[in-house]
Amino acid sequence: MIYVLAYPQFEPSVAESINRFRSAHEPERARLVPPHVTLLFGMRNARPQDILAHSEGVATHTPELAVDFTAGDIVYDPSEKTHKLLLHSSIGKNALISLHQQLCDGPHRAELKLDIPYRPHMTVATHKDRAIIERLDVAALGAFPIPGTIRALEVVELADNTLQLLRTVPLRRH
């Protein structure tokens, strides 16, 4: 499956706090992928070269984004049968939604589930038991909001529980 991700860049101490929290509370995902915002979700039937070309076209018109993340909420993911703790984007939210919509307008559009509203977020904990997630102390992540910068799109392929980078597509510098 092909995804388009954005890895926010954080101050080093903030990045360390997020990585430590994720390693403790979603270790498998933390080993698989750095903290990220998913902009285009798993395309099974799209040709990688089509996603790459479309992502490059979108990136040339998109400036680097300042984002921040606030304490979020717990959601149930029925496809993974897990509860997730999400940190929602506030600053940069509209830009991320616009970026998501532009990425969805490519040749792979028919494959997308457009009936699910897009809410830009970063997942920091995952567990089958909601009570475990409810007991987590998000203060361990640091002070909210958590600021970061998105400077590129990462087009990746997930196969056999391995994430392979297909291309880093830089966003336009201001």
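Located above this text is the structure these notes cover.
Residues numbered from 1 in each chain as written. Predicted model: local features only at pLDDT ≥ 70, side-chain atom pairs only at ≥ 80, totals over all residues. Heavy atoms only, no water.

Student: Before we go on, may I ask you to explain the overall build of the protein in this structure?
Tutor: Along the backbone of the protein there are 5 helices and 8 strands. Listing the helices and strands of the protein from first to last along the sequence gives β-α-α-β-α-β-β-α-β-α-β-β-β. In terms of overall dimensions, the protein is globule-like: its C-alpha atoms have a radius of gyration of 16 Å, near the 16 Å expected for 174 residues. The dimensions of the protein, computed from C-alpha atoms along their principal axes, are 45 × 35 × 30 Å. Buried positions account for 42% of the 174 residues belonging to the protein. (Helix = DSSP H or I, 4+ residues; strand = E, 2+ residues; numbered from the N terminus. Rg over C-alpha atoms; globule rule 2.2 N^0.38 Å. Buried < 20%, exposed > 50% of the residue type's maximum accessible area, 1.4 Å probe, protein only.)

Student: Is there a simple way to think about helix α1 (residues 12–25) in this case?
Tutor: An α-helix turns once every 3.6 residues. As a result, residues three or four positions apart point the same way. Over its 14 residues, α1 runs 20 Å from end to end, which matches the ideal 20 Å to within 8%, given 1.5 Å per residue. Three or more residues of α1 are buried, namely S17, I18, F21 and R22. One side of α1 holds all its buried residues, which, seen down the axis, span an arc of 125 degrees. Projecting away from the buried face of α1 at angles above 90 degrees are the exposed residues P12, S13 and A24. Against the buried residues of α1 lie α2 (27–32), β4 (82–89), β5 (121–127) and β6 (146–150). (Expected span 1.5 Å × (residues − 1). Arc of directions from axis to C-beta. Contact = heavy atoms within 4.5 Å.)

Student: Looking at this structure, I do not really get the environment of K84. What am I missing?
Tutor: Of note, K84 is situated in strand β4. Residue classification places K84 among the buried residues on the basis of a relative accessible area of 8%. Distance in space between the C-alpha atoms of K84 and K128 is 8.6 Å, their sequence separation being 44 residues. In this structure, K84 is in contact with R29, D73, I74, V75, D77, T123, A125 and T126, ignoring residues within four places of it in sequence. Of the polar contacts made by the side chain of K84, one reaches the side chain of D77; its length is 2.8 Å. Polar side-chain contacts of K84 include one of 3.3 Å to the side chain of E80. (Polar contact = N/O pair within 3.5 Å; in protein donor to acceptor, adjacent residues only side chain to side chain.)

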